[in-house]
Amino acid sequence: MIKENLYSKAPQGDLYTKWEEYKKTLKKLSVEEADQYKVIIIGTGLAGASAAATMAEHGFNVHAFSFHESPRRAHSIAAQGGINAAKNYKNDGDSVMRLFYDTIKGGDFRSREDNVYRLAEISKNIIDQCVAQGVPFAREYGGLLDNRSFGGVQVSRTFYARGQTGQQLLLGAYSALSRQTEKKKVKFYPRHDMLDVVIKDGKAKGIITRNLLNGEIKAHSADIVILATGGYSNVYYLSTNAMASNVTANWRAHRKGALFANPSFTQIHPTCIPVKNDFQSKLTLMSESLRNDGRVWVPKEKNDTRKPIDIPEEERDYYLERIYPAFGNLVPRDVASRRAKEVCDEGRGIGPTGFAVYLDFKRAIKEKGEDFIREKYGNLFDMYQNITDENPYQTPMKIYPAVHYTMGGLWVDYNLMTTVTGLFSIGESNFSDHGANRLGASALMQGLADGYFVIPHTAMDYLAKEKPLQKDITEEKEFVDAIAKTEQEIEKLMSIDGEYAVDEVHRELGKVVWDNVGMARNEVGLKSALKEIPKIKDKFWKEISIPGSDKDINQELEKALRIKDFIELAELMAFDALDREESCGAHFREEYQTEENEAERNDKDYKYVAAWKYCKNGKPELFKEELKYDNVKLKTRSYK
Amino acid sequence: MNINLKIWRQKGVKEDGKLHNYRLENVDPNISFLEMLDILNINLVKEKRDPVAFDHDCREGICGSCGFMINGRPHGPQRATTVCQLHMRSFKNEDTIILEPFRAEAFPVIKDLSVNRQVFDKIISSGGYISANTGEVPEANETKIEKKYADEAFLSSACIGCGACVAACKNSSAMLFTSAKVSHLSLLPQGAKDKDARVINMVATMDEMGFGSCTNTGACSAECPKEISQENISRLNQDFIKSSLMGILKRNK
Amino acid sequence: MQELFKILTSSVGRKILMAITGLSLSLFMAFHLFGNLFLFVGEAAFNSYVNKLHKLGFLIRIAEFFLVLFVMSHAYSGILLWIKNRKAKKVVASYSKENTSSSARTAAFTGSIVFIFLATHWSTFWYKFNFDLQGMSYYYVVTESSVGFGSPFVSFFYIIAIALLGYHLKHGIASAGQTLGIVGTKYEKIYNNVSSIFWFWIPLGFISIPVWFGFIVRVI
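Residue indices begin from 1 for each chain and proceed along its sequence in written order. Naming scheme: in the order in which they are written, chains are lettered from A and ligands are numbered from 1. Only residues with pLDDT of at least 70 get local features here, since the model is predicted, and only at 80 or more are side-chain atom pairs given and counted; chain-wide, interface and lining totals rely on the full set of residues.

Examining the overall build of chain A
Here comes step 1: Counting its regular elements, chain A contains 17 helices and 19 strands.
Here comes step 2: We compute the radius of gyration over the C-alpha atoms and compare it with the globule rule, which gives 2.2 Å times the number of residues raised to the power 0.38. Against the globule reference of 26 Å for 640 residues, chain A gives a C-alpha radius of gyration of 24 Å, in line with a compact fold.
Here comes step 3: Judged by the C-alpha coordinates and their principal axes, chain A covers about 75 × 60 × 50 Å.
Here comes step 4: Residues counted as buried form 58% of the 640 residues belonging to chain A. In this description a helix means any DSSP run of H or I spanning at least four residues, a strand means any run of E spanning at least two, and both kinds are numbered starting from the N terminus. In this scheme the burial state of a residue depends on its C-beta neighbours within 10 Å: 20 or more other such atoms mean buried, 12 or fewer mean exposed, and anything in between means partly exposed; the C-beta positions come from the backbone.

Okay, here's the thing in structure tokens:
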């Protein structure tokens, strides 16, 4: 029996009407009333920008912060594939219910029913909103919106703008935000890092920021703080995330009492361009769609150094087709990734590092012609050739899985509020909707659902019950103390006079996390990670070097502040992975697998969200929110 | 391969800068240009010297953060490629590579190769949007948009706002950037709403921000990493003429 | 009125003004060349053509007024834009010119030379024709006198200046097409075809006169 001690606060009642009914009970403010309140939003990617724009439309005074120079630089911009919506324009039997079910199942039954249903419901409004803003989605010749299928789902519900859907959606949200900037309802603070949340009388009432241009540490007070700060894939050093994506804002909130949920649920995308050498800074994703025509294989023999073209068919192992005759190369992301790791660990990996597998288009080119392949994947092939200097029309691509998205994040209730009153979290930065594995084209959907359609209602309800501050309270003790603490921390970092660049320490950390809390985990590895990480922490605090001044642009200091938090997070991830003695979705514990090497869930003991409380000296404390499935039946996923 | 770098070093907005020489040996030709700078910076940090500041983030050529002049060309020698997607194999052993920030009065240098492009946000907020409050919009498929126009609009909206157009232009004009947004929105039926005010206001803001004016040299398009077409400028001009005339006619009625 | 002023003084407005004045002046050039070609027909034909023009009287003066106005506003806008652009640009030590045509880059320079040429053109031919004929025929002033192609120096300067004018128009006319929003429309192709008449054939026509009367005739 799971001992539950954390509750989602989702209203009771029928799942299908719950959100609409609940919305009616939420308190509203008129534009004039809303004008009394100040809202702080950290992060201006899809979730943050859409929330800022909508809150401003409702009359709130929004102060939006980003470490970027412009909202348009947020990493939401790099999403390629598309955004799901249950519009059923194709008449192929899609519905809100079906999107809801696919998402729950895709998440391997580790997400909250109420939130996921709401997400599926809202998905339709998102498309309407984006089209009205001028997002140039792909269209059919008749002028109607086009859809494609994506990520192993059986219906076509993905809206897309070539391979740049994230860019177009972000530019849409950015334009809505810009419109409010012009109206002076949004004030945008570029190049600001958030370094602390300030809590006064038990409620989040402000933040501490560092201006990256001049190092100024400043307090900002507000009636509510919303975090929209994205995911933490960069804890692995190498990931498909942007270089500066970080966990700092979330981690600082966590240290102030916000619970961190399912930190070890991280998604590994199977088709990325492999690491080529030690200088690699960042990994590049190749769209999942390539697996429609590409065949994955490795040599049957270990340490086979022949060129791929010299390896005859009978000496190749098309392992996905062999293990999964039904789905073949099209198994879901987590399965494809784990199998690639397995063959490489056996010593059958290819390329200079041995950590890559072939993705071969030879048969598709032979059967369908080079022109067909060029038409369909030309952009991707060009990108691959640009990066690797190899021609994928002639020689198979080399691919390897890479960290791509984090399902874990700050724990939030149905209203998207964290366990700190007045502190909300939206988009990838919260844990809410994807369970243990995210389906393709769902991240954009969630970011915009939270920002445009959920937080404006729930935050307004919260504020309507709060007396507005109506003045700056940054002179008060809590703020002054928080500034002093932040300054001390920076001073301490600047005073370390070691030999290492912070990137070097980060790379070390990444390797430990990747090896032990990566695609497959086991007790021995996780325990060794828990031994290694404190050593890295020690090295960080004693042996890094940050040249220059903290009162100036100092990109090394920015990195150091982020890596400091990544190190602490890495420890929590290992704790979480160790605690969850089952395999589910992207969390694969080698001890818990079926005879056919598939993930083995333990619903009896682990059907819960693991939310961790920060404890200063010692082990984090675990809180559990039991997951209840009243509307779907728990099943084991099978792709054979 | 070995390379010689001449990099513009400048401490801050108000300070003067100059080119400094650096040499890197045994560079793997398969690393990216920014990875080469990462290596240089790690070396500098280890020598307790100030690393070179440059903007970058996604390293996939889409966020628009990166960009500086490489041998006098924004984003370097390769067509339709941002700096982050450029690789060292585009250079030869013992090449001397000159790195300078994007130069324009409207883009003050913050430090080294990093410039401030916030004026772009100002141009967008003066009209680069369609007024549509959240939730108060029609069903998405109610308005059909001919594929031709949807595709054109997409091509215009592919701009990543990196500022290469301004840096390439001998007049530091922001016309390609501004016109791409004006075109994107005016090609779509939804954009008709704010059309007249949009073009007039965005041009006015662009002028105020200290950009030069367009003399149609075409350098912007040629250097644009997303190959945004010159036709956008023509379309902006067309809109500008129409909207100006309409405005005058309306008010004199 | 204020509104019109604001629009015309914006960067795009100034460019539109330049495009319209520039294209008008190009049309005038065609007309001017038509007259000049009478020189090849013979002395009588040319003289009678000029006389006919003179008989138009004040109409010609009005046309000339607009001509000067257009030249001046074209130059004035050009100078203002040039100053603004100089201010907007900061020097890049390594600036590469690979991606622009030199006709585009040098438009301001070629324009200035053409302006100097126009000034001398008026102070010589135009002044002589109108006020200082001293009993010479128009034909003689052009082909034989020291302000005309009688002087190899004048012929030479004339050829260079017109060549630069053609070069100026090569960019100018294309640029006007862009400024007036013709590029990208269905008229673009026609416009581009017609434009070569103006930047290539018409200047060639002008140049043929000093080449023939200033050099070839003198050699044979």
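A few points about the overall build of chain C
Here comes step 1: A tally of regular secondary structure across chain C gives 10 helices and zero strands.
Here comes step 2: Ordered by position from N to C terminus, the α and β elements of chain C give α-α-α-α-α-α-α-α-α-α.
Here comes step 3: When its C-alpha atoms are laid out on the principal axes, chain C stretches across 55 × 45 × 35 Å.
Here comes step 4: Within chain C, the proportion of its 220 residues that are buried is 31%.
Here comes step 5: Contact between two residues is assigned when their C-beta atoms, built from the backbone, lie within 7 Å. For chain C, long-range pairs separated by at least 24 residues make up 75% of all intrachain contacts whose partners lie at least 6 apart in sequence.

Brief notes about the interface of chain A and chain B
Here comes step 1: Each partner contributes residues to the interface: chain A has 62 residues there, and chain B has 64 residues.
Here comes step 2: Secondary-structure elements contributing two or more residues to the side of chain A that touches chain B are helix 3 (46-57), helix 5 (113-133), helix 6 (165-182), helix 14 (502-516) and helix 16 (555-579) of chain A.
Here comes step 3: Of the residues forming the side of chain A that touches chain B, the biggest block, nine residues, is contributed by helix 6 of chain A.
Here comes step 4: Only Asp, Glu, Lys and Arg are considered charged in this grouping, and only Ala, Val, Leu, Ile, Met, Phe, Trp, Tyr, Cys and Pro are considered nonpolar; every other residue, Gly among them, is considered polar. The residue makeup of the side of chain A that touches chain B, split by class, is 23 nonpolar, 22 polar and 17 charged.

Focus on the sheet that holds strand 9 (residues 224-227) of chain A
All names here are of chain A.
Here comes step 1: One open sheet accounts for five strands, arranged 5-2-1-9-17; its pairing is parallel. The outermost strands of the open sheet, each flanked by one partner alone, are strand 5 (186-189) and strand 17 (423-425). Here the average twist between neighbouring strands, direction ignored, is 20 degrees.
Here comes step 2: Of the pairings in the sheet, the one linking strand 2 (residues 61-65) to strand 5 comprises four bridges and is parallel in character. By the bridge assignment for strand 5, A64 is matched with F188. A pair of strands is labelled paired if DSSP reports no fewer than 2 bridges between them. Comment: axis = line fitted to C-alpha atoms, over the contacting stretch for helices; angle = value between 0 and 180 degrees taken between N-to-C directions.

Considering the nonpolar core
Residue and element names in this part refer to chain A.
Here comes step 1: Core analysis: the biggest nonpolar cluster contains 305 residues, and A52 and I226 have the highest contact counts within it.
Here comes step 2: At 14 residues, helix 16 tops the list of elements feeding residues into this core.
Here comes step 3: Excluding anything up to four places from it in sequence, A52 contacts I41, T44, V62, A64, L177 and V186. Connectivity within a nonpolar core runs through C-beta atoms within 7 Å, and the core itself is a set of buried Ala, Val, Leu, Ile, Met, Phe, Trp, Tyr and Cys residues.

Some points on the domain arrangement of chain A
All names here are of chain A.
Here comes step 1: Here chain A is partitioned into domain 1 (269-403) and domain 2 (477-607).
Here comes step 2: The C-alpha centroid of domain 2 is placed 30 Å from the C-alpha centroid of domain 1.
Here comes step 3: Every contact between the two is made by five residues of domain 1 and, on the other side, five residues of domain 2.
Here comes step 4: Of the residues belonging to the side of domain 1 that touches domain 2, the class tally is one nonpolar, one polar and three charged. As annotated, the domain borders come from an automatic or database domain assignment.

Some points on the packing of helix 5 of chain A against helix 12 (residues 443-464) of chain A
Residue and element names in this part refer to chain A.
Here comes step 1: Taken N-terminus to C-terminus, the directions of helix 5 and helix 12 make an angle of 80 degrees; their axes are 9 Å apart at the nearest point. Looking at the two axes, helix 5 sits roughly perpendicular to helix 12. In this structure, helix 5 contributes L119, I122, S123, N125, I126 and Q129 to the contact, and helix 12 contributes M445, Q446, L448, A449, Y452 and F453.
Here comes step 2: Taken together, the residues of the contact of helix 5 with helix 12 sort by class into eight nonpolar, four polar and no charged. By definition in this entry, angles of less than 35 degrees are roughly parallel, angles greater than 145 are roughly antiparallel, angles of 65 to 115 are roughly perpendicular, and the rest are oblique.

Remarks on the interface of chain C and chain B
Here comes step 1: The interface is formed by 37 residues belonging to chain C together with 43 residues belonging to chain B.
Here comes step 2: Going through the elements one at a time, helix 1 (2-9), helix 2 (11-36), helix 5 (58-88), helix 6 (102-105) and helix 9 (152-179) of chain C are the ones with two or more residues in the side of chain C that touches chain B.
Here comes step 3: Of the residues contributing to the side of chain C that touches chain B, the split by class is 16 nonpolar, 12 polar and nine charged.

Re the environment of E342 of chain A
Here comes step 1: Mapped onto the elements of the fold, E342 of chain A is located in helix 9 (residues 333-348).
Here comes step 2: As for E342 of chain A and A520 of chain A, which are separated by 178 residues in sequence, their C-alpha atoms are 9.1 Å apart.

Digging into the arrangement of the chains
Here comes step 1: Contacts are most numerous, across the two pairs of chains in contact, for chains A and B.
Here comes step 2: As for chain C relative to chain A, no contact occurs, and the smallest C-alpha gap between them is 20 Å.

Topic: the packing of helix 9 of chain C against helix 10 (residues 188-219) of chain C
Residues and elements named next belong to chain C.
Here comes step 1: Between helix 9 and helix 10, whose axes approach to 9 Å, the crossing angle comes to 180 degrees. Here helix 9 lies roughly antiparallel to helix 10, going by the angle between them.
Here comes step 2: Taken together, the residues that form the contact of helix 9 with helix 10 break down as 19 nonpolar, five polar and two charged.

Details of the pairing of strand 2 (residues 17-24) of chain B
All names here are of chain B.
Here comes step 1: As judged from the eight bridges shared by strand 1 (residues 3-10) and strand 2, these two strands associate in the antiparallel manner. Note on strand 2: the bridge partner recorded for K6 is N21.
Here comes step 2: What sits between strand 1 and strand 2 in their antiparallel hairpin is a turn of six residues.

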